[in-house]
Amino acid sequence: MSMSRRSIREQIFKLLFREPFFAPEELMKQVEIFAEELAEKDADQVEYICAKAKDVLAHITEIDGKLDAVSEGWPVKRMGKAELTILRLGYYEMHFDEDIPQSVAINEAVELAKKYGSEDAPGFVNAILGKCADE
């Protein structure tokens, strides 16, 4: 069964959302568990989701540094877990994924924030990623 790009992005978000709750050595096991949970889905898409999540995690220190630099008064350690995960994925898509235009990455991050974040999350995500655009 094939997933839409939005659904794929949402699955990447769900996988990345596990990061704050597991030690780094446990996180790769979580990727395997997540892949098993999606076993009925298209194998290539599951592989893509896991690869993208791993790549975001590989850049997390750099991404968090960039988010800290633009999120005046809201360092990443103070951000809500859902909002931070959405921002990490959005920033990654904007700066490391050449297949996704920045405007699409921001819009999709805002949509995730509407679904998974707090009431103020869509505006917060839009503002932070807007500051990260074209840097």
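Everything numeric in this text was worked out from a predicted model, so none of it was measured. (Residues numbered from 1 in each chain as written. Predicted model: local features only at pLDDT ≥ 70, side-chain atom pairs only at ≥ 80, totals over all residues. Heavy atoms only, no water.)

Okay, the nonpolar core next. Side chains that are nonpolar tend, in soluble globular proteins, to be buried together. Membership of the largest hydrophobic core comes to 42 residues, with the highest contact counts inside it found for Ile49, Leu67, Val125 and Leu129. For this core, the secondary structure elements donating two or more residues are α1 (5-16), α2 (24-37), α3 (43-58), α4 (60-70), α5 (81-95), α6 (102-116) and α7 (121-132). Broken down by element, the residue count for this core peaks at eight residues, all from α5. Discounting residues that sit within four places of it in the chain, isoleucine 49 has contacts with Met3, Ile8, Gln11, Ile12, Leu15, Phe34 and Leu38. (Core = buried A, V, L, I, M, F, W, Y, C linked by side-chain atoms within 4.5 Å. Buried < 20%, exposed > 50% of the residue type's maximum accessible area, 1.4 Å probe, protein only. Helix = DSSP H or I, 4+ residues; strand = E, 2+ residues; numbered from the N terminus. Contact = heavy atoms within 4.5 Å.)

Remark: the centre distance and the inter-plane angle together describe each pair of aromatic rings, the angle taken between the planes. Per the stated rule, a full pass over the model turns up five aromatic pairs. An angle of 40° between the planes, with centres 4.8 Å apart, marks the rings of phenylalanine 13 and tyrosine 116 as tilted. Of this pair, phenylalanine 13 sits in helix α1 while tyrosine 116 is found in helix α6, placing the two residues 103 residues apart along the sequence. Each ring, one from tryptophan 74 and one from phenylalanine 124, has its centre 6.4 Å from the other, and the planes form 75°; the classification is edge-to-face. (Phe/Tyr/Trp six-rings, centres within 6.5 Å; stacked < 30°, edge-to-face > 60°.)

The subject of this paragraph is α3. The terminal C-alpha atoms of α3 lie 22 Å apart, and with 16 residues this matches the ideal 22 Å at 1.5 Å per residue to within 8%. Buried residues of α3: Gln45, Val46, Ile49, Cys50, Lys52, Ala53, Val56 and Leu57, and no others. Down the axis of α3, the sector holding all buried residues measures 160°, keeping them to one side. In this structure, α3 carries Ala43, Asp44, Glu47 and Ala58 as exposed residues pointing more than 90 degrees from its buried face. Turning to α3, the residues buried within the fold contact α1, α2, α4 and α5. (Expected span 1.5 Å × (residues − 1). Arc of directions from axis to C-beta.)

Just distances and angles here, no functional claims.
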